[in-house]
Structures are given as structure tokens and as C-alpha cells.
Amino acid sequence: ITQQFNTATSMGRLTLNMLLSFAQFEREVTGERIRDKIAASKKKGMWMGGVVPLGYKVETRKLIIHEPEAATVRMIFERFLKVGSATVLVRLLGNEDVTTRSGKPIDKGFFYKLLNNRIYIGEAVHKGTSYPGEHAAIVDRTLWDKVHSILQESPRTRAAHTRAQTPAL
């Protein structure tokens, strides 16, 4: 920092470029170490930060079940089994003033993210691979499997079950 580099000379440009190359190398090595640490921690099932899912709270860097919200999550999974339609259930939840943690009404985007979040069955996911998590599950595996068997069906086919079966006049 205190040295003066004369970039008008070839030696000054060489020195500056060498320093820039080492700085870039150090930045990339630091990024690789951070990515490797996050991947290793996720494989152990640790919570590595981010938006805390509905139904959980964070205490000492671990996910702990927040029972009032967890009851809402379980209710959403169980009611989806009965209703079978995201559109209808989101409308019903809106009428009943069921909201997200921030107080916003539940929309279909939030609804599908909730149903597909493997954290709720006690798993930690990293780059598409799930590992057993350190946290407790809110939803049991049989309920999860039943919900996902419904979700595997085409949305158009599922929508046909909730539409009127009589043709328009």
C-alpha cells in the first residue's frame, strides 16, 4: 500500500499484475473453502442459515419446532390430502385468515414451496441431495408421501377434479 508503482513502465505493470493475480487467487480459494464448509455441514444435517421455514425457530444455530406454526404446517398438509387442489385450499386458507409468519396471506407459490420443503420431514438439502437433518420433523413420512403422490399427478388432471362436471349452456 505504501509503495508507489509506476504503471508507465513495464516493470511497474508486471508487479501490479502479479499482485492482482495473487489477490484473485486468494479470493477464489476463500470462496472454495466456504463452499466446501457449507457442503460438509449440510451433509451432517446442520442448519446453515437462510430464511427460517414456517414452523421452526432458530436457537443456538439449530432449528427448533415452534409449535403454533408447526400446527399450521401440519394442518396445511392434512387439508391438502382432503381437498387435493392447491387453488381451492389456498382460497380456503385465505378465507380463514391463515397467514405466513410475516402476516401475508398464503399464495400458491408459498403453498407449493411449503409442500416441497424437505426440512419438514427432518432432512437437510444441498444442491438437490437430501441428508438426515439434526432438527426434528414436523410432518411424518407417510403424510409427506401421500401429499407427494397427489402432487405427482398432472396439475391439469387435478384441476379437472375441482371444476364443474357439467358443460356450460
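Bear in mind that the values here come from a model prediction, so they are computed numbers and not experimental data.

A. Spatial organisation of the pattern of salt bridges. Taken as a whole and assessed by the stated rule, the structure comprises eight salt bridges. Glu123 is paired through a salt bridge with Arg118; the nearest N and O atoms lie 2.7 Å apart. A relative accessible area of 14% means that Glu123 is categorised as buried. Between Arg141 and Glu123 there is a salt bridge, with its nearest N and O atoms 3.2 Å apart.

B. Just the environment of Ala136, in detail. The topology assignment puts Ala136 in the loop between β4 (129-132) and α5 (141-152). On a C-alpha basis, the gap between Ala136 and Gly122 in space is 5.4 Å, while along the polypeptide they are 14 residues apart. Filtering out sequence-adjacent residues up to four positions away, Ala136 remains in contact with Tyr56 and Ile65.

C. Region of the structure containing the pairing of strand β3 (residues 123-126). Sheet topology note: the β3/β4 ladder contains four bridges and is antiparallel. Across the sheet, Val125 pairs through a bridge with Ser130, a residue of β4. Between β3 and β4, which pair antiparallel in sequence order, lie two residues; one of them, Lys127, sits at a positive phi of approximately 50°.

Basis of the calculations
- Residues numbered from 1 in each chain as written.
- Predicted model: local features only at pLDDT ≥ 70, side-chain atom pairs only at ≥ 80, totals over all residues.
- Heavy atoms only, no water.
- Salt bridge = Lys/Arg side-chain N within 4 Å of Asp/Glu carboxyl O.
- Buried < 20%, exposed > 50% of the residue type's maximum accessible area, 1.4 Å probe, protein only.
- Helix = DSSP H or I, 4+ residues; strand = E, 2+ residues; numbered from the N terminus.
- Contact = heavy atoms within 4.5 Å.
- Pairing = 2+ DSSP bridges.

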